[in-house]
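# Tertiary structure, described
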Amino acid sequence: MKRKVWLIAGTIEGRKIADALAALQVDVYVSVATAYGASLYPENPFIHVQTKRMTFADMCAFLREVQPDLVLDSTHPYAVVVTETIQKACRETGFPYKRMLRPASEHPGCITVKDFGEAIEILSGTEGPVFLTTGSKNLVDFTRLPDYAERITCRILPLRDSLDNALNLGYKPAQIICMQGPFAKDLNIAMFRRAGAKFIVSKDSGKAGGFEDKLEAAAEVGAKLILIDRNPETGDDLEQVLAELKEKFSTGQ
């Protein structure tokens, strides 16, 4: 009988999990949000990648069709709605669910806020260049910041949709950086200094997502880092998940 895992991937750890499952000859059905995300996975007879964005009904139908032995959620810590929908679908259909979660980072010296609205409120009472490292999805929120086009440099993924979004919102081409992270400390320092950043806005993407290098770089250039806090959540880190998968599927349980 074939063994199957549905892997919802939104982090760089997803590739490592997929490779590990394929090595155990487990069919892994990988869901990613973009064609770029799909391109990161190798051609492998055990790895099946799809880019469809699923509703709750889609997820339930997919689960009933595939009948996975395990649903493994390795989405980004800030993909709250996606995680909640996956959990709801698993409860509805009765399939086992597991969360792979990047450990949260220590963040001394940061201004921690609950959401983007609070970050914008704080920045509205300040002066000086702002460097956004939170992606393209929330660029529209920062258009509420007075003089946003003059103040903000944004770093986004090198995708046409992301760039079009930034340009259509009025961000200046000279202040848009399209690059795939994570970024080393020295590269962050160079970018922050080039932008003259006084404030850096970030999510806690964990060590794997380059947050610690970003935090150290902010301190090096004397910029204040504003951190969008995570929602409370529990899960196992990558090493724990890989060990459990090996134990489960190498023994055929």
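Residues numbered from 1 in each chain as written. Predicted model: local features only at pLDDT ≥ 70, side-chain atom pairs only at ≥ 80, totals over all residues. Heavy atoms only, no water.

## Digging into the overall build of the protein chain
Secondary structure summary: the protein chain contains 11 helices and 11 strands in total. The C-alpha atoms of the protein chain give a radius of gyration of 20 Å, which matches the 18 Å a tight globule of 253 residues would have. Seen through its C-alpha atoms, the protein chain measures out along the principal axes to roughly 60 × 35 × 30 Å. Residue burial in the protein chain is summarised as follows: out of 253 residues, 43% are buried. For the protein chain, long-range pairs separated by at least 24 residues make up 64% of all intrachain contacts whose partners lie at least 6 apart in sequence. As displayed, the protein chain has an accessible area near 12800 Å², and 51% of this comes from carbon and sulfur atoms. For the protein chain, the centre of its 31 positive side-chain charges and the centre of its 33 negative side-chain charges are spaced 2 Å apart. (Helix = DSSP H or I, 4+ residues; strand = E, 2+ residues; numbered from the N terminus. Rg over C-alpha atoms; globule rule 2.2 N^0.38 Å. Buried < 20%, exposed > 50% of the residue type's maximum accessible area, 1.4 Å probe, protein only. Contact = heavy atoms within 4.5 Å. Areas by Shrake-Rupley, 256 points an atom, 1.4 Å probe, with all protein chains shown as cover. Lys, Arg positive; Asp, Glu negative; His and termini not counted. Charge placed at Lys NZ, Arg CZ, Asp CG, Glu CD.)

## Here we look at the sheet that holds strand β9 (residues 176-178)
Strand pairing within a sheet occurs via backbone hydrogen bonds; the two strands may be parallel or antiparallel. Pairing is parallel in the open sheet, where six strands are placed in the order β6-β11-β10-β7-β8-β9. Taken across any chain shown, the strands that pair with only one partner, and hence form the sheet edges, are β6 (111-113) and β9. On average, each strand axis in the sheet is inclined to that of its neighbour by 20°, with strand direction left out of account. In the sheet, strand β7 (residues 130-132) pairs with strand β8 (residues 152-156) via three bridges, with the strands oriented parallel. Looking at the pairing, F131 lines up with T153 of β8. The sheet strands contacting helix α8 (residues 160-168) are β8 and β9, and the helix crosses β9 at an angle near 175°. (Pairing = 2+ DSSP bridges. Axes fitted to C-alpha atoms, helices over the stretch in contact; angles between N-to-C directions.)

## Overview of the nonpolar core
Side chains that are nonpolar tend, in soluble globular proteins, to be buried together. In terms of nonpolar packing, the biggest core is built from 23 residues, with L123, V130, L132, F142, I152, Y171 and V201 touching the most fellow members. Elements supplying a minimum of two residues to this core: α5 (116-124), β7, α6 (139-142), α7 (148-151), β8, β10 (199-203) and β11 (224-228). Residue contributions to this core peak at four residues, all from α5. Once residues within four sequence positions are removed from consideration, F142 is found in contact with F116, I120, L123, L132, T134, Y148, I152, Y171 and V201. Membership of the second largest hydrophobic core comes to 20 residues, among which are L7, A18, L21 and L245. (Core = buried A, V, L, I, M, F, W, Y, C linked by side-chain atoms within 4.5 Å.)

## Looking at the pattern of salt bridges
A side chain with one charge may pair with a side chain of the opposite charge, provided their charged atoms come close. All told, the structure shown has 12 salt bridges when counted by the stated rule. Residue K52 pairs with D58 through a salt bridge whose shortest N-O separation is 3.9 Å. Between K172 and E150 there is a salt bridge; the shortest N-O distance is 3.0 Å. Of this pair, K172 sits in the loop between α8 and β9 while E150 is found in helix α7, placing the two residues 22 residues apart along the sequence. The exposure class assigned to E150 is exposed, which follows from its relative accessible area of 51%. (Salt bridge = Lys/Arg side-chain N within 4 Å of Asp/Glu carboxyl O.)

## So, the side chain of E13
In this fold, E13 is placed in helix α1 (residues 13-23). Setting aside anything within four residues of it in sequence, one finds E13 in contact with M100, R102, A208 and L238.

## Some words on the packing of aromatic side chains
In total, this model carries five aromatic pairs according to the counting rule given. Note on Y29 and F62: the rings are 6.3 Å apart at their centroids and 75° apart in plane angle, and the pair reads as edge-to-face. You can see Y29 sitting in strand β2 (residues 27-31) and its partner F62 sitting in helix α3 (residues 56-66), a full 33 residues away along the chain. What links up through ring pairs into an aromatic cluster is the set W6, Y29 and F62. (Phe/Tyr/Trp six-rings, centres within 6.5 Å; stacked < 30°, edge-to-face > 60°.)

## Overview of unusual backbone geometry
Most of the time, phi is negative for any residue but glycine, and the peptide bond is trans. For the peptide bond that leads from G181 to P182, omega is 0°, which places it in the cis range. For P182, the position within the fold is in the loop between β9 and α9 (185-195). Backbone geometry at Q67 places phi at a positive 55°, although glycine is not the residue there. Inspection of the secondary structure puts Q67 in the loop between α3 and β4 (70-74). With relative accessibility at 46%, the residue Q67 sits in the partly exposed group.

## With respect to helix α10 (residues 211-221)
Restricting attention to buried positions, one finds in α10 the residues F211, K214, L215, A217 and A218. Seen along its axis, α10 keeps its buried residues to an arc of 165°; they face one direction. In this structure, the buried side of α10 is in contact with β8, α9, β10 and β11. (Arc of directions from axis to C-beta.)

Worth remembering: the numbers are spatial, not functional.
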